[in-house]
Amino acid sequence: MNGKINVITGGKGHVGFALVKELADRKENIRLLLRSDSKVFDGIDCEKIMGDVCDIESLEKAFEGAETVYHVAGVVDISGTKDKQLWEVNYEGTKKVIDACKKL
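The text that follows walks through the structure, step by step, so that each part is easy to find. (Residues numbered from 1 in each chain as written. Predicted model: local features only at pLDDT ≥ 70, side-chain atom pairs only at ≥ 80, totals over all residues. Heavy atoms only, no water.)

## Considerations on the environment of M50
And step 1. Residue position: M50 is located in strand 3 (residues 47-50).
And step 2. Here the alpha-carbon distance between M50 and R26, two residues 24 residues apart in the chain, equals 24 Å.
And step 3. Filtering out sequence-adjacent residues up to four positions away, M50 remains in contact with L33, L34, R35, S36, D37 and S58. (Helix = DSSP H or I, 4+ residues; strand = E, 2+ residues; numbered from the N terminus. Contact = heavy atoms within 4.5 Å.)

And the structure:
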């Protein structure tokens with residue numbers, strides 16, 4: 001493994017998990033920001049940080065020492081029933097990810 005740390009938000013999603021697997025296959029250092037633990041990462045060499053893209057403190061903790069941040073977390077809703085959550089995660093959460101990255 002090389003020394004650089006790659007942080008991934010949204011690692012449990014379709015795109016995020018494919019990214020996790022690709023980086024793991026390359027023997028990259030992976031740190032995942034997760035809202036809850038998951039057995040889906042069993043067997044994958046990665047560090048898990050519990051947090052949320054809507055919480056700046058958990059973002060700063062997860063991004064500490066990172067060289068690369070892959071922000072792929074997001075809410076998908078075609079029903080129109082999750083408008084508030086969609087706005088909070090996809091817009092406000094992304095703004096907080098950017099703010100935390102600026103502190104790196």
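## Observations regarding unusual backbone geometry
And step 1. Even without glycine at this site, K27 takes up a positive phi of about 65°.
And step 2. Looking at the secondary structure, you find K27 in the loop between helix 1 (14-25) and strand 2 (29-34).
And step 3. Here K27 falls in the exposed class, since its relative accessible area comes to 53%. (Buried < 20%, exposed > 50% of the residue type's maximum accessible area, 1.4 Å probe, protein only.)

## Considering the packing of aromatic side chains
And step 1. Tallying each qualifying case throughout the model produces two aromatic pairs.
And step 2. Aromatic side chains F17 and F41 sit 5.9 Å apart centroid to centroid with 50° between the ring planes, which places their arrangement in the tilted category. You can see F17 sitting in helix 1 and its partner F41 sitting in the loop between strand 2 and strand 3, a full 24 residues away along the chain.
And step 3. Residue classification places F41 among the buried residues on the basis of a relative accessible area of 1%.
And step 4. On the basis of an interplanar angle of 25° and a centroid distance of 4.2 Å, the ring pair of W87 and Y91 is categorised as stacked. With W87 and Y91 both in helix 3 (residues 83-102), this residue pair falls four residues apart, about one helical turn.
And step 5. On the basis of relative accessible area, W87 is assigned to the partly exposed category, the value being 48%. (Phe/Tyr/Trp six-rings, centres within 6.5 Å; stacked < 30°, edge-to-face > 60°.)

## A short note on the nonpolar core
A general tendency of soluble globular proteins is for nonpolar side chains to be buried together.
And step 1. Counting residues in each nonpolar core, the largest one holds 13 residues, and the members touching the most others are V7, L33, V53, L59, A62, F63 and V97.
And step 2. Those elements that place two or more of their residues in this core are strand 1 (5-9), helix 2 (56-63) and helix 3.
And step 3. Ignoring sequence-local partners within four residues, the contact set of V97 consists of V53, L59, F63, V69 and H71.
And step 4. L23, L34, F41 and I44 belong to the second-largest nonpolar core, a separate cluster that totals 10 residues. (Core = buried A, V, L, I, M, F, W, Y, C linked by side-chain atoms within 4.5 Å.)

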